[in-house]
Amino acid sequence: MGRRIKEFHAFYDVGDDEAQIDSFDRKLNEEILALAKAEPGAVWIGYDEEAPTYLRAAVKNENIVIAFRKSMSDAAKKALAENGKRHSGNLRRGNAKAND
């Protein structure tokens, strides 16, 4: 069985003070619901009865942080791989590989 896709879409109208979020990601949905309990005025929640794992919410801008990361360079990927090989003995199932 394959992994489930965690998907969310965020929409923001220029000049608006909130972001619209449509989410199928369970962890993100739990965080939005927790924020709604802690600060009811910061979140508006709308559900779709036909899709129980789907959450539609509007969240105030001051309660959202979106971070973007740069891709790893080839040198950084190579260094990470070498580090993993060096410390493979620490892995639970990597002991046979470490003894080679």
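Residues numbered from 1 in each chain as written. Predicted model: local features only at pLDDT ≥ 70, side-chain atom pairs only at ≥ 80, totals over all residues. Heavy atoms only, no water.

Before going further, it helps to examine helix 1 (residues 26-38). Between its terminal C-alpha atoms helix 1 stretches 18 Å, which fits the 18 Å expected from 13 residues at 1.5 Å a residue. For helix 1, the set of buried residues is Leu28, Asn29, Ile32 and Ala36. The buried residues of helix 1 occupy an angular sector of 100 degrees when projected down its axis, which confines them to one face. Those residues of helix 1 that are exposed and aimed more than 90 degrees away from the buried face are Arg26, Lys27, Glu30, Lys37 and Ala38. Residues of helix 1 that are buried in the fold lie against strand 1 (8-12), strand 2 (18-23), strand 3 (43-47) and strand 4 (55-60). Among the residues of helix 1, the N-terminal cap falls to aspartate 25, whose side-chain oxygen and the backbone nitrogen of lysine 27 are separated by 3.3 Å. (Helix = DSSP H or I, 4+ residues; strand = E, 2+ residues; numbered from the N terminus. Expected span 1.5 Å × (residues − 1). Buried < 20%, exposed > 50% of the residue type's maximum accessible area, 1.4 Å probe, protein only. Arc of directions from axis to C-beta. Contact = heavy atoms within 4.5 Å. Polar contact = N/O pair within 3.5 Å; in protein donor to acceptor, adjacent residues only side chain to side chain.)

The next point concerns the nonpolar core. Ile21, Leu28, Ile32, Ala36, Ala42, Val43, Leu55, Ala57 and Val59 form the largest nonpolar core, which has 9 residues in total. For this core, the secondary-structure elements that each account for two or more residues are helix 1 and strand 4. Residues within four places of leucine 55 in sequence aside, it is in contact with Ile21, Asp22, Ser23, Asn29, Ile32, Ile45, Gly46 and Tyr47. (Core = buried A, V, L, I, M, F, W, Y, C linked by side-chain atoms within 4.5 Å.)

Here we come to the sheet that holds strand 1. On the basis of which strands lie adjacent, the open sheet formed by 4 strands has the order 1-2-4-3 and antiparallel pairing. Both edges of this open sheet fall to strand 1 and strand 3, since each of them pairs with a single strand only. Mean inter-strand twist for the sheet, computed between neighbouring axes without regard to direction, equals 15 degrees. Taken together, the 5 bridges between strand 3 and strand 4 define a ladder with antiparallel strand orientation. (Pairing = 2+ DSSP bridges. Axes fitted to C-alpha atoms, helices over the stretch in contact; angles between N-to-C directions.)

So, on to the side chain of serine 23. By secondary structure assignment, the location of serine 23 is in strand 2. Of the polar contacts made by the side chain of serine 23, one reaches the side chain of asparagine 29; its length is 2.7 Å. Non-local contacts of serine 23, meaning those with residues more than four positions away in its chain, are made with Glu7, Phe8, Leu28, Asn29, Thr53, Tyr54 and Leu55.

Any link to function would need more than the numbers given here.
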